[in-house]
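Structural overview
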Amino acid sequence: MNAIRFLPSDGLPALLSCLVKTGRRILAPVEKPAVKSSVVFEPWSEGKPLTLQKATVPAKEAVLPQCETLLSYRQTKNADTAALNLDDTPNAQPTVVFGARPCDACGYAVLDRPFLQGPFVDPYYRARREQLVVFTTTCGSGCATCFCHWLGGGPSSPEGSDVLMTEIEGGLVLQSVTDKGAELLNSMPPAAKLADGAPVFRQAEEARKKAWASLLPAPDIKSARQAIAGIFSDANFWQEQTDRCLSCGACTYFCPTCYCFNITDEGDGYEGGQGGRRLRSWDNCMSSQFTREASGHNPRTDKALRMRNRVSHKYSFYPENWGAASCSGCGRCVCNCPVYLDIRAIVLAAIKHAGDK
Amino acid sequence: MPVLEGKELRIVGFLCNWCSYGGADAAGVGRAVQPTDLRIIRVPCSGRVDPIFIVKALLNGADGVLVSGCHPRDCHYSAGNFYARRRLEVLKQFLPVLGIDEARFEYTWVGASEAQLWQHVVTTFTNRVHALGKAPRFDAVEPLLKIADMALTALRPLGTGKNAALPKLKEAIKAKLPELECVIGWQQGYDEARTVPLFARTPQDVDKFVWGPFNVNNPAVYLPTFRGKKVGIVVKGCDARSVVELLQENLISREDVILFAMPCEGTLDMARIGEKLGRYTTVDAVVCDEASITITADGKEHRFCMADFAQGKCYGCATPLAALSDVSFGAPVDVKPVSATPPELALLDSLSLPERMSFWRGQMGKCLRCYACRNACPMCVCRDYCVSDSRDPHWMSQLADEREKLFFQTVHAFHLAGRCTGCGECQRACPVGIPILALRQQIGRVIEQLFESYKAGTDPAAAPPLLTYMPQEKNIHERGWK
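What counts, and where the lines are drawn
Residues numbered from 1 in each chain as written. Chains lettered and ligands numbered in written order. Predicted model: local features only at pLDDT ≥ 70, side-chain atom pairs only at ≥ 80, totals over all residues. Heavy atoms only, no water. Helix = DSSP H or I, 4+ residues; strand = E, 2+ residues; numbered from the N terminus. Buried < 20%, exposed > 50% of the residue type's maximum accessible area, 1.4 Å probe, protein only. Contact = heavy atoms within 4.5 Å. Areas by Shrake-Rupley, 256 points an atom, 1.4 Å probe, with all protein chains shown as cover. Lys, Arg positive; Asp, Glu negative; His and termini not counted. Charge placed at Lys NZ, Arg CZ, Asp CG, Glu CD. Expected span 1.5 Å × (residues − 1). Disulfide = S-S within 2.5 Å. Pairing = 2+ DSSP bridges. Axes fitted to C-alpha atoms, helices over the stretch in contact; angles between N-to-C directions. Salt bridge = Lys/Arg side-chain N within 4 Å of Asp/Glu carboxyl O. Domains from an automatic or database assignment. Buried area = accessible area lost by both parts, 1.4 Å probe. Polar contact = N/O pair within 3.5 Å; in protein donor to acceptor, adjacent residues only side chain to side chain. Nonpolar A, V, L, I, M, F, W, Y, C, P; charged D, E, K, R; others polar.

**Concerning the overall build of chain A**
- In terms of helices and strands, chain A carries eleven helices and twelve strands.
- Reported as C-alpha extents along the three principal axes, the dimensions of chain A are approximately 75 × 65 × 45 Å.
- The buried share of chain A, reckoned over its 357 residues, is 57%.
- By sequence separation, contacts in chain A at least 24 residues apart represent 72% of the contacts at least 6 residues apart.
- When the accessible surface of chain A is summed, it comes to about 15,200 Å², and 52% of that surface belongs to carbon and sulfur atoms.
- Charged side chains in chain A number 39 positive and 36 negative. The centres of these two groups are separated by 3 Å.

**A few points about helix α3 (residues 80-94) of chain B**
Residues and elements named next belong to chain B.
- Here α3 contains 15 residues, and its C-alpha end-to-end distance of 21 Å stays within 8% of the 21 Å for a straight helix at 1.5 Å per residue.
- In terms of burial, α3 is a largely internal element, twelve of the 15 residues being buried.
- Within α3, burial applies to Gly80, Asn81, Phe82, Ala84, Arg85, Arg86, Leu88, Glu89, Val90, Leu91, Lys92 and Phe94.
- At its buried positions, α3 is contacted by α2 (51-59), β3 (64-69), β4 (105-109), α4 (115-132), α14 (402-415) and α16 (437-450).

**Quick look at the state of the cysteines**
Residues and elements named next belong to chain B.
- If you walk through the whole model with that rule in mind, you get one disulfide over all chains.
- Residue pairing for cysteine 19: its cysteine sulfur links by disulfide to cysteine 70, the two sulfurs lying 2.4 Å apart. The sign of the 95° torsion about the S-S bond sets the cysteine 19-cysteine 70 disulfide as right-handed. With cysteine 19 in the loop between β1 (11-16) and α1 (20-29) and cysteine 70 in the loop between β3 and α3, this pair connects stretches of sequence that are 51 residues apart. Both residues of the pair, cysteine 19 and cysteine 70, belong to the buried class.
- The structure places no disulfide on cysteine 423, whose sulfur is separated from the nearest cysteine sulfur, that of cysteine 377, by 6.3 Å.
- Counting only cysteine sulfurs, cysteine 370 is the nearest neighbor of cysteine 430, a cysteine outside any disulfide, at a range of 6.6 Å.

**Description of the sheet that holds β4 of chain B**
All names here are of chain B.
- The strand order across the open sheet formed by four strands is β2-β1-β3-β4, and the pairing between neighbours is parallel. Each edge of the open sheet carries a strand with a single partner, namely β2 (38-43) and β4. Going across the sheet, the axis of each strand differs from the next one's by a mean of 20°, ignoring polarity.
- For β3 and β4, the ladder comprises five bridges, and the chain directions are parallel. Across the sheet, the residue bridging to serine 68 is threonine 108, located in β4.

**Overview of the pattern of salt bridges**
- The full count for this structure, using the stated rule, is 37 salt bridges over all chains.
- The shortest N-O distance in the salt bridge between aspartate 349 of chain B and arginine 445 of chain B comes to 2.8 Å. With aspartate 349 of chain B in helix α11 (residues 343-349) and arginine 445 of chain B in helix α16, this pair connects stretches of sequence that are 96 residues apart.
- Ionic contacts of the salt-bridge type, sharing partners, join the residues Glu68, Asp122, Arg128 and Arg280 of chain A into one network.

**A few points about the domain arrangement of chain A**
Residue and element names in this part refer to chain A.
- Taken as a whole, chain A is organised into domain 1 (1-216) and domain 2 (219-357).
- Here the C-alpha centroids of domain 1 and domain 2 sit 25 Å apart.
- Roughly 3,600 Å² of surface becomes buried between domain 1 and domain 2 when both sides are summed, with 61% attributable to carbon and sulfur atoms.
- The largest per-residue losses of area from domain 1 upon contact with domain 2 belong to Lys60, Phe147 and Trp150, which jointly make up 19% of the total buried on that side.
- For the salt bridge of glutamate 68 with arginine 280, the shortest nitrogen-to-oxygen distance reads 2.8 Å.
- For the interface between domain 1 and domain 2, the tally reads 21 residue pairs in polar contact (both at pLDDT 80 or more).
- The dominant element in the side of domain 1 that touches domain 2, judged by the number of residues it contributes, is helix α2 (residues 102-117), at eleven residues.
- Looking at side-chain class alone, the side of domain 1 that touches domain 2 contains 24 nonpolar, nine polar and nine charged residues.

**Observations concerning the domain arrangement of chain B**
- Looking at the assigned domains, one finds that chain B contains domain 1 (8-135), domain 2 (166-328) and domain 3 (365-450).
- In this structure, domain 1 of chain B and domain 2 of chain B have C-alpha centres spaced 46 Å apart.

**A few points about the environment of isoleucine 40 of chain B**
- Relative to the assigned elements, isoleucine 40 of chain B resides in strand β2.
- Placed 25 residues apart in sequence, isoleucine 40 of chain B and leucine 15 of chain B show a C-alpha to C-alpha distance of 6.8 Å.

**Thoughts on α2 of chain B**
All names here are of chain B.
- Across the nine residues that make up α2, a large majority, eight, are buried.
- Of all the positions in α2, only Pro51, Ile52, Phe53, Ile54, Val55, Ala57, Leu58 and Leu59 are classed as buried.
- Turning to α2, the residues buried within the fold contact β1, β3, α3, β4 and α14.
- In the segment just after α2, glycine 61 is the residue with positive phi, at about 115°.

**Points about the environment of serine 390 of chain B**
Residue and element names in this part refer to chain B.
- The residue serine 390 is located in the loop between α13 (372-375) and α14 in this model.
- In sequence terms serine 390 and glutamate 425 are 35 residues apart; their C-alpha atoms lie 24 Å from each other.
- At a separation of 3.2 Å, a polar atom in the side chain of serine 390 contacts the main-chain amide nitrogen of aspartate 392.

**Regarding the interface of chain B and chain A**
- Contact with chain B, which involves 53 residues of that partner, is made by 52 residues of chain A.
- Here chain B and chain A share an interface that buries about 4,500 Å² over both sides, 57% of which is from carbon and sulfur atoms.
- Interface area lost by chain B to chain A is led by Tyr190, Tyr280 and Leu368 of chain B, which between them contribute 18%.
- On inspection of chain B and its partner chain A, the count reaches one salt bridge.
- Between arginine 201 of chain B and aspartate 243 of chain A there is a salt bridge, and its shortest N-O distance comes to 2.7 Å.
- Our count for the chain B to chain A interface comes out at 23 residue pairs in polar contact (both at pLDDT 80 or more).
- Residue assignment for the side of chain B that touches chain A shows that the elements contributing at least two residues are β6 (195-200), α8 (270-277), α13 and α15 (425-429) of chain B.
- Per-element tally for the side of chain B that touches chain A: the top contributor is β6 of chain B, with four residues.
- Looking at the side of chain B that touches chain A, its residues break down into 26 nonpolar, eleven polar and 16 charged.

**Things to note about unusual backbone geometry**
Residue and element names in this part refer to chain B.
- Here the bond from aspartate 392 into proline 393 is cis, since omega is 10°, no more than 30 degrees from zero.
- Considering the arrangement of structural elements, one finds proline 393 in the loop between α13 and α14.
- Not every positive phi belongs to a glycine, and arginine 369 is a case in point at roughly 60°.
- Tracing the backbone shows arginine 369 in the loop between α12 (353-364) and α13.
- Classification of arginine 369 by relative accessible area gives buried; the value is 8%.
- Positive phi, close to 60°, is recorded for serine 453, a residue that is not glycine.
- Residue placement: serine 453 occurs in the segment after α16.
- Owing to a relative accessible area of 53%, serine 453 belongs among the exposed residues under this scheme.

This is how it looks when you write it as structure tokens:
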């Protein structure tokens, strides 16, 4: 099943309101004005302006929120009985991520493997992922920090998306790339202002080709996995590469593929004192607490060792387990880093260093 | 349900064990009639009350907070309340920037035998809080996004530093390099419009040093990590203030650091440059003349005049050349300091209290808790032991709500009170552009007013004002309870 539709430029709000009417939450990129503005995904409602720019923060939130309640408990006491109520229902609702980029969508594919395809399925993740439809805007060009094409992706790569949207003159061409996407497009009423896209699909293909042509040539990083594994114990290499790292979490928290989390139990405190919750929140392997053990021992005390783990995980361990890198090449870790630490440069240096040995 | 539900407000009292708690006890024993709104927490000394206790209470639903200790010069521990007085006065004047009415917080001194004074204090304060009514809840206000006006006039002509004596500097660094672990400066980053810190260990590394308006990072942030090793550091005037502050606090040793300085002609506000270039573009070329930079990105030319696109701090900078240095090239620039309100702070000044709360709610909504602000700060020296990550004590909830995020910012700002040199790295590092520097600037302004124009990082021998006290404070006046 395949659906190709054309949406005129002024039809966006109409399509979005039809999507809302299907009972789904729409997460769409919204521009936050500031001296340094940012674009973040937020629930869309009628009349809210949105943008199709590449977001500052990827829409990982849709499947793995910054913080979620895994379970909450409440104790109730009567004169003669006491009961403890536990609620571990996943917080999930049908959602459309509208206006992700191919690198963001690829992030969902990367997260799916450990959360859904491993020996243990994460019920919270699954509840959200199964109800998610991803509308991806294909990119018009690359930029100085993008490197999706180094990793097998590209400005119109369909991995992780359900519908690809390509901007052409006068509007957007919407192409379903999964059955889920096609069903949703086919179910849209006339009010969604969707027209048959077949006559203009050629224009979309041309726009995509143009985007591919705008990319800088990609170096060959096929040997990254072995190269990085090979220099695991070369402390000097990692030290030199991470001199300027500040050990903050910008690279991990802005990453569409990072999925490490922490679990914290919190009581309600003064809000009642009879209950509490177990929270799962994003964790950050750049922080020394990430590996600090209960005994106080910390096997990764130095930022160089922590960065080694980050790079190795993305380019060596994860590929070993799952056959693909856990990096989509979105470049957010580079452009959001306060010292522009460049993971591409580390990977290339590792390949070169391993070759020199 | 308590009888007074709805009539009582939530007021938290921190009372020193030796005086005020005794005073309150005496009032109770003496059957002195008092309002019942106050919930008392007994502390060993008013000096034990960290200002973040008070902020936490106020952000989490307290309608008022009262701190009461021994009278000055009567502290059980000699000087606890002297320190408390300075901190609490700074806090009181800081609260309005968060949108919290400062009348909701008060500190005072009540002796153990002063039952009547206690009765008077608690009644007066409770009446005052009742007159203000229930405190607005941070999580109930509507977010408000406002942008500061960055059109500023510099105290001196700003330029690109094109004619700086960089070759001479490199020679001098190479001469010193053998005795140093490394020399920290700047090199080009992933494109010509970005520079990044460089740690030069060989003469070839030294050749990579660059000097100019893209050198935004503050290299002083790395100094404490080299403690015990001798390192060199290239500094702008503002960076040197951070070095001086580190020296003031004995966080580094003077003999372990060699400062290389050149007069800075201003650095670029990469936030505003980024807005013009576009978030995801490719820089093709950077051309620089004496007063401006022309950046070509995605084939489009953008010209940036230094006078229009410098970092906020550069406009008010009166120390372009480091006041403290070992090797310096270029003459000091004579600039008369003028006190002016920084742009983000001016924006907050122009807002009402409820608007300020809305402003922070809107801003903190973007925060991902990556703590780039904290880690980019040269004065943040707790490093791996920050309360934000601690589970014991569990100071901050992991819930991703704006209140917790703003609470962290106030913790950070308060730990920097009297120490922050205003380098602005916290705000520059923020990937989502939250104007958090304004919180530090508000504290800086209060410190300047209270402690005779004290500016952090200007005198290596000066004690930071919150680490010392005067038995009789010049600008902190006892408030009467009449």
